[in-house]
Amino acid sequence: MSNVPNELRYTKTHEWVRKEKDGTLTIGITDHAQALLGDLVYVEAPEVGGNYETGEDCAVVESVKAASDVYAPLAGEVVQVNPSLADTPETINRDPYGAGWIFRIKPEYLGELDDLLDATAYSAQIANG
Amino acid sequence: MGKRTALYTTHVQANAKLVDFGGWDMPLNYGSQIEEHHWVRQHVGLFDVSHMTIVDIHGENSRTFLRYLLANNVDRLKQPGKALYSCMLNEQGGVIDDLIVYFLTDNWFRMVVNAATRDKDLAWITTHADKFNLQIKVRDDLAMIAVQGPRARACVHTVLGKSAAKVGELGAFFMTMIGAMALARTGYTGEDGYEVMLPATSAADFWQQLIDQGAKPCGLGARDTLRLEAGMNLYGSDMDETTTPLESGLTWTVAWEPPDRAFIGRKVLDQQKQSGVKHKLVGLVMDDKGMLRNHLKVIIDGLESGEITSGSFSPTLGKAIAFARVPVSIGERAKVDVRGRLVDVRVVKPPFVRNGKACI
């Protein structure tokens, strides 16, 4: 079964979001998503400084099998991208919620976080296929 | 539910991710297809290829029939056990399938054809065999296991024990029989090894014995990246009934001599050979980071565009590689349209990797 940590928020499109102490949000793809994609071989990260709307595609993760868009879970400005993924995209397969984070954003409205799924709701969604 | 090989339960127990392949439930991987790929390049991997179709042809006219049916010439097979790679063409020179044919005795040849093309191949073969008075037997009673990698032969020899002496001397592209088991020194990975055809009832035992010797199960995902690195075509992607061997990097598999051997499709190939073809299959290497995929457009200065027929990631090279069908006058550079971004690629002659080492 997929790992769905309780402390994170989720989207229907399989991103996870973690609130940091400085008010930024760290974003990655879930364990379920990495398992579906298989071995990742390329990550096209967003531009630092780029502004994205909620639900806008901002990154691409590619496995041997398929390419998949990563969507901004909430509106904001990208303040950091994970520099290690360029050379070791497989980090996402090994540690999707830790070293495999993809980017951080400074949200426009932090309140949007409440619109996202909690662990129970996301688990229910992936259980229903 | 798809068709299942004799090793289906074995795959399920090994936590394989199963996918539909040509109507069969087959393992895509057993965890990580990239690790499986490396394991074959460095050690020894096992592939269940029992979904492929084994066809035995019996009768004194077998050789005459195959001289007519295949674009390569079975008269190149002089020693019993010798194998030959060939295309089977339609009247237009298009490729119905690619296959390996083994010469066993004067009255017995064996062909191994693809799984997804099974029905049309068998229909084509039996229709044309009609006037040759042959017996065509589909060997669904056999399973097929490919053991591939630098340690593959040693691994098989250990499992065979005393009877290994006979296979130890087997040359490349030769088959020999040990009891009900046929061992061929062939494969689809660019590594040394065997393809073993054996009674389906003993497949699971043999598989386990190989695993006990350090072989790891590998899925169709790794098989695809291995064959692509090795420069081997995949039927349905790199060639099909609308392309001839000359447009598919397979000219080397067409036997032109003797000129009076009137194999099916020859007329069109002779014309193409004389007037030249417009397209050919080449290798592409992307040195930048990213991925090449089937059907992406290849953009070439001053020429019409081409198309990627097999694109993937090469675990050995750590970069994206592909086969592409392009105009014959392509130079050493091209660009590929990756989601609207034009990425530079080098045009190379496959293989990309042989016997574990980069060739490009």
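Look a little higher up for the structure.
Reading the values: the criteria
- Residues numbered from 1 in each chain as written.
- Chains lettered and ligands numbered in written order.
- Predicted model: local features only at pLDDT ≥ 70, side-chain atom pairs only at ≥ 80, totals over all residues.
- Heavy atoms only, no water.
- Salt bridge = Lys/Arg side-chain N within 4 Å of Asp/Glu carboxyl O.
- Helix = DSSP H or I, 4+ residues; strand = E, 2+ residues; numbered from the N terminus.
- Buried < 20%, exposed > 50% of the residue type's maximum accessible area, 1.4 Å probe, protein only.
- Patch = residues over 30% accessible without salt bridge, like charges linked within 9 Å, V, L, I, M, F, W, Y side chains within 5 Å.
- Areas by Shrake-Rupley, 256 points an atom, 1.4 Å probe, with all protein chains shown as cover.
- Lys, Arg positive; Asp, Glu negative; His and termini not counted.
- Charge placed at Lys NZ, Arg CZ, Asp CG, Glu CD.
- Pairing = 2+ DSSP bridges.
- Contact = heavy atoms within 4.5 Å.
- Axes fitted to C-alpha atoms, helices over the stretch in contact; angles between N-to-C directions.
- Buried area = accessible area lost by both parts, 1.4 Å probe.
- Polar contact = N/O pair within 3.5 Å; in protein donor to acceptor, adjacent residues only side chain to side chain.
- Core = buried A, V, L, I, M, F, W, Y, C linked by side-chain atoms within 4.5 Å.
- Arc of directions from axis to C-beta.
- 1 Å grid on protein atoms, 1.4 Å probe; cavity = no way out; pocket = protein on both sides within 12 Å on 5 of 7 lines; lining within 4 Å.
- Points joined across faces, edges and corners; volume = space filled by probe spheres on them.
- Nonpolar A, V, L, I, M, F, W, Y, C, P; charged D, E, K, R; others polar.
- Phe/Tyr/Trp six-rings, centres within 6.5 Å; stacked < 30°, edge-to-face > 60°.
- Lys NZ or Arg CZ within 6 Å of the ring centre and 35° of its normal.

Draft legend 1. Local environment of the pattern of salt bridges. Under the counting rule described, the total for this entry stands at 22 salt bridges over all chains. One salt bridge in this structure joins Glu 62 of chain A and Arg 293 of chain B, with 2.8 Å as the shortest N-O distance. Here Arg 293 of chain B lies in the loop between strand S14 (279-286) and strand S15 (297-299) and Glu 62 of chain A lies in strand S6 (residues 57-63), a pairing that spans two chains. Here Glu 62 of chain A matches Arg 293 of chain B in class, with each residue buried.

Draft legend 2. Looking closely at a negative patch on the surface. Taken together, Glu 53, Glu 56, Asp 57, Asp 69 and Glu 108 of chain A make up a surface patch of like negative charges. Here Glu 108 of chain A is to be found in the loop between strand S9 (103-107) and helix H3 (119-127).

Draft legend 3. Spatial organisation of the sheet that holds strand S9 (residues 142-148) of chain B. All names here are of chain B. Strand order in this open sheet of six strands is S10-S11-S12-S9-S3-S13, and the pairing throughout is mixed. The sheet is open, and its two edges are formed by strand S10 (175-178) and strand S13 (216-217), each paired on a single side. The sheet contact formed by strand S3 (residues 45-48) and S9 spans four bridges and is antiparallel. Residue pairing in the sheet places Leu 46 in a bridge with Val 147 of S9. Each of S9, S10, strand S11 (181-184) and strand S12 (193-199) touches helix H5 (residues 152-160); the most contacted strand, S12, lies at about 35 degrees to it.

Draft legend 4. Looking closely at unusual backbone geometry. Residues and elements named next belong to chain B. Of note, the bond from Glu 257 into Pro 258 is cis; its omega dihedral lies within 30 degrees of zero at -5 degrees. Within the fold, Pro 258 resides in the loop between helix H8 (220-229) and helix H9 (266-275). Positioned with a positive phi, Asn 15 is a non-glycine residue whose angle comes to about 60 degrees. Along the chain, Asn 15 falls in the loop between helix H1 (8-13) and strand S1 (17-21). Phi is positive for Asn 133, which is not a glycine, with a value near 55 degrees. Structurally, Asn 133 is set in the loop between helix H4 (118-129) and strand S8 (135-138).

Draft legend 5. Here's a closer look at the pairing of strand S2 (residues 15-19) of chain A. All names here are of chain A. In this structure, strand S1 (residues 9-10) lies alongside S2, joined through two bridges in antiparallel fashion. Within S2, the residue paired with Arg 9 across the bridge is Val 17. Here S1 hands over to S2 after four residues, with His 14 in that stretch at a positive phi of 75 degrees. Sheet analysis places S2 next to strand S3 (residues 25-29), joined by five bridges and oriented antiparallel. Across the sheet, Trp 16 pairs through a bridge with Gly 28, a residue of S3.

Draft legend 6. Main features of the interface of chain A and chain B. Taken together, the 13 residues of chain A in the interface contact 14 residues of chain B. Of all residues in chain A, Asp 39, Tyr 42 and Val 64 of chain A bury the most surface against chain B, accounting for 43% of the area lost on that side. Where chain A packs against chain B, one counts four salt bridges. A salt bridge links Asp 87 of chain A to Lys 289 of chain B; the nearest nitrogen and oxygen atoms lie 2.9 Å apart. Where chain A packs against chain B, one counts twelve residue pairs in polar contact (both at pLDDT 80 or more). Taken together, the elements giving at least two residues each to the side of chain A that touches chain B come down to strand S4 (40-44) and S6 of chain A.

Draft legend 7. Layout of the nonpolar core. Residue and element names in this part refer to chain B. Membership of the largest hydrophobic core comes to 33 residues, with the highest contact counts inside it found for Phe 47, Leu 89, Tyr 102, Val 112, Met 175, Met 197 and Leu 269. Residue assignment for this core shows that the elements contributing at least two residues are strand S5 (83-89), strand S6 (95-105), S9, S11 and H8. Excluding anything up to four places from it in sequence, Met 197 contacts Ile 54, Tyr 102, Arg 110, Val 112, Leu 142, Ala 143, Met 144, Met 175, Ala 180, Met 181 and Ala 182.

Draft legend 8. Structural context of helix H2 (residues 33-42) of chain B. For H2 of chain B, every residue scored as buried is listed here: Gln 33, Ile 34, Glu 36, His 37, Val 40 and Arg 41 of chain B. Around the axis of H2 of chain B, the buried residues are gathered within 160 degrees of arc, so they sit on the same side.

Draft legend 9. Here's a closer look at the side chain of His 32 of chain A. Tracing the backbone shows His 32 of chain A in helix H1 (residues 31-37). If sequence neighbours within four positions are ignored, His 32 of chain A has contacts with Ser 2, His 14, Tyr 122 and Ile 126 of chain A.

Draft legend 10. Structural context of the environment of Val 343 of chain B. All names here are of chain B. Structurally, Val 343 can be placed in strand S19 (residues 341-348). The buried category is assigned to Val 343, whose relative accessible area is 3%. When the C-alpha atoms of Val 343 and Met 286 are compared, they prove to be 7.7 Å apart, with 57 residues separating the residues in sequence. Those residues within four positions of Val 343 in sequence are excluded, and the remaining contacts are Met 286, Asp 288, Ala 334, Lys 335, Val 336 and Val 338.

Draft legend 11. Highlighting the layout of surface pockets. One number sums up the size of the second largest pocket: a volume of about 460 Å³. In terms of lining, the second largest pocket is formed by 25 residues, of which the most central are Leu 40, Pro 89 and Glu 90 of chain A together with Ile 34 and Phe 313 of chain B. Counting residues per element, the ones that place at least two in the lining of the second largest pocket are S4 and helix H2 (91-94) of chain A together with H2 and strand S17 (319-327) of chain B. The element that contributes the greatest number of residues to the lining of the second largest pocket is S4 of chain A, accounting for four residues. Residues belonging to the lining of the second largest pocket are distributed by class as follows: eleven nonpolar, five polar and nine charged.

Draft legend 12. The sheet that holds S6 of chain A, seen in detail. Residue and element names in this part refer to chain A. Taking strand neighbours across the sheet as the criterion, the three strands line up as S4-S6-S7 in an open arrangement whose pairing is antiparallel. Of all strands in the sheet, those bounded by a partner on one side alone are S4 and strand S7 (67-71). Going from strand to strand, the sheet's axes swing by 25 degrees on average, the running direction of each strand aside. Note: S4 against S6, four bridges, orientation antiparallel. What sits directly across from Val 43, in S6, is Val 61.

Draft legend 13. Here's a closer look at the packing of aromatic side chains. Residues and elements named next belong to chain B. One pass over the full model with this rule turns up seven aromatic pairs over all chains. Every member of this aromatic cluster is reached through a ring pair, and the members are Phe 65, Tyr 68 and Phe 132. The ring of Phe 103 has Arg 63 sitting right over it, with the charged end atom 4.7 Å from the ring centre.

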